[in-house]
Amino acid sequence: MAPGGRWTVAIAGVVLSLSLAAYLRRELSPPTPHRVVEKALPPVEPPPDKVLPPPLPPKPEDLGRVHFRALKRWSGHPLRGVTVGIMRETRPRVVHPEQLRTDANGMAEFVAVPSGRLTVCARGAGYMESCLTSSLAAGGLLTIDLSMSEEPASAPLAVP
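The rules we used
- Per chain, residue numbering runs from 1 following the sequence as it is written.
- At least 70 in pLDDT is required for a residue's local features to be given in this predicted model, at least 80 for side-chain atom pairs to be given and counted, and no such filter applies to totals for whole chains, interfaces and linings, which use all residues.
- No hydrogens and no water enter the side-chain calculation; it runs on all heavy atoms of the structure.
- Labels follow the DSSP assignment, with helices taken as runs of H or I lasting at least four residues and strands as runs of E lasting at least two, numbered in each case from the N terminus.
- Exposure classes here rest on a 1.4 Å probe applied to the protein chains alone. A residue is buried below 20% of its type maximum, exposed above 50%, and partly exposed in between.
- Only the protein chains shown count as covering a residue, and every accessible area follows the Shrake-Rupley method with a 1.4 Å probe.
- In these notes, a set of buried Ala, Val, Leu, Ile, Met, Phe, Trp, Tyr and Cys residues joined through side-chain atoms within 4.5 Å is what counts as a nonpolar core.
- Pairs of residues are marked as contacts when any of their non-hydrogen atoms sit within 4.5 Å.
- When a carboxyl oxygen of Asp or Glu is within 4 Å of a side-chain nitrogen of Lys or Arg, the pair counts as a salt bridge.
- Here, any two strands with at least 2 DSSP bridges between them count as paired.
- In this description, a line fitted to the C-alpha atoms serves as the axis of each element, helices being fitted only across the stretch in contact, and the angle between N-to-C directions of two axes falls anywhere from 0 to 180 degrees.
- The disulfide criterion used throughout: a pair of cysteine sulfur atoms within 2.5 Å.
- Only residues whose relative accessible area exceeds 30% and that form no salt bridge are eligible for patches; like-charged ones are grouped when within 9 Å, while nonpolar side chains (Val, Leu, Ile, Met, Phe, Trp, Tyr) are grouped when within 5 Å.

Attention now goes to the overall build of the protein. Within the protein, the regular secondary structure consists of 1 helix and 8 strands. Secondary structure elements of the protein occur, N-terminal to C-terminal, as α-β-β-β-β-β-β-β-β. Here the protein, with 160 residues, has 21% of them falling under the buried criterion. Accessible surface, the protein as shown: approximately 12900 Å² in total, 61% of it carbon and sulfur.

Next comes the structure, spelled out in structure tokens:
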């Protein structure tokens, strides 16, 4: 092969490589966004039949009671001062208006709680939040014993 022929092959190889690289870059890059002209549209209001009415207050015969007891997980000793709350599992969820603290026996009692599916959650200083979901019958009594775990202690930092 003539000396000029080697240079021709080398230049053709470089041109081919660059062309292939440009093609792949164009094909593999994300598409460029097109400019969209936005028109001001009037605000859309939901049709009147799609608006949900506020929930009706429960009838007295639909109310029940919830007895709650907070216990230490491993020893079973009662926990005093734990804050307890109730949430009704409806759509949307409804939080019961009162929260209680457990007494010296780890007990709290909710009266006049609407029946249905409920989630009871408890949290206290030094303990992880704990929840339990259960159902309360109309006019019934729901007793919940909830074992609470202590929060893991954070490891001290090593000082050199």
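Moving on from the model shown.
Attention shifts here to the nonpolar core. Core analysis: the biggest nonpolar cluster contains 20 residues, and V66 and F68 have the highest contact counts within it. Among the secondary structure elements, those contributing two or more residues to this core are β1 (63-72), β2 (83-88), β5 (107-114), β6 (116-124), β7 (127-136) and β8 (141-148). Among the elements that line this core, the one with the most residues is β8, at 4 residues. Leave out the neighbours within four places in its chain, and F68 touches V84, T102, G106, M107, A108, V120, A122, I144 and L146.

Any two side chains of opposite charge can pair, so long as their charged atoms come close to each other. Scanning the entire structure with this criterion turns up 4 salt bridges. Measuring nitrogen to oxygen at the nearest pair gives 2.8 Å for the salt bridge that ties R69 to D145. With R69 in strand β1 and D145 in strand β8, the pair connects residues that are 76 residues apart, well separated along the chain. With a relative accessible area of 41%, D145 lands in the partly exposed category. A salt bridge links R93 to E89, with the shortest nitrogen-to-oxygen separation between them at 3.0 Å. Under the relative-accessibility criterion, E89 is labelled partly exposed at 26%.

Attention shifts here to the pairing of β7. Across 8 bridges, β6 lies against β7 in antiparallel orientation. Considered in β7, the bridge of T119 is made with T133. With antiparallel pairing between neighbouring strands as the criterion, β6 and β7 make up a hairpin whose turn holds 2 residues, including G126 at a positive phi of roughly 85°.

Turning to the sheet that holds β5, a few remarks are in order. Strands in a sheet are paired, the pairing made by backbone hydrogen bonds, and the direction either parallel or antiparallel. Reading across the sheet, the 3 strands line up as β5-β1-β8 and stay open at both edges, with mixed pairing between neighbours. If you trace the sheet from one side to the other, it starts and ends with β5 and β8, each paired once. Looking at each pair of strands side by side, their axes are set apart by 20° on average, direction ignored. Pairing geometry for β1 and β5, over 6 bridges, is antiparallel. By the bridge assignment for β5, R69 is matched with M107.

The subject of this paragraph is the state of the cysteines. Following the criterion strictly, the structure yields 1 disulfide and no others. Note that C121 is cross-linked by a disulfide to C131, the S-S spacing being 2.1 Å. Since a negative S-S torsion denotes a left-handed disulfide, the C121-C131 link at about 110° is right-handed. Pair noted here: C121 is in strand β6 and C131 is in strand β7, with a separation of 10 residues, a long-range link. Take C131: its relative accessible area is 39%, and that puts it in the partly exposed class.

On the surface, a nonpolar cluster with roughly 430 Å² of combined accessible area is contributed by L20, Y23, L24 and L28. By the element assignment, L20 lies in helix α1 (residues 3-28).

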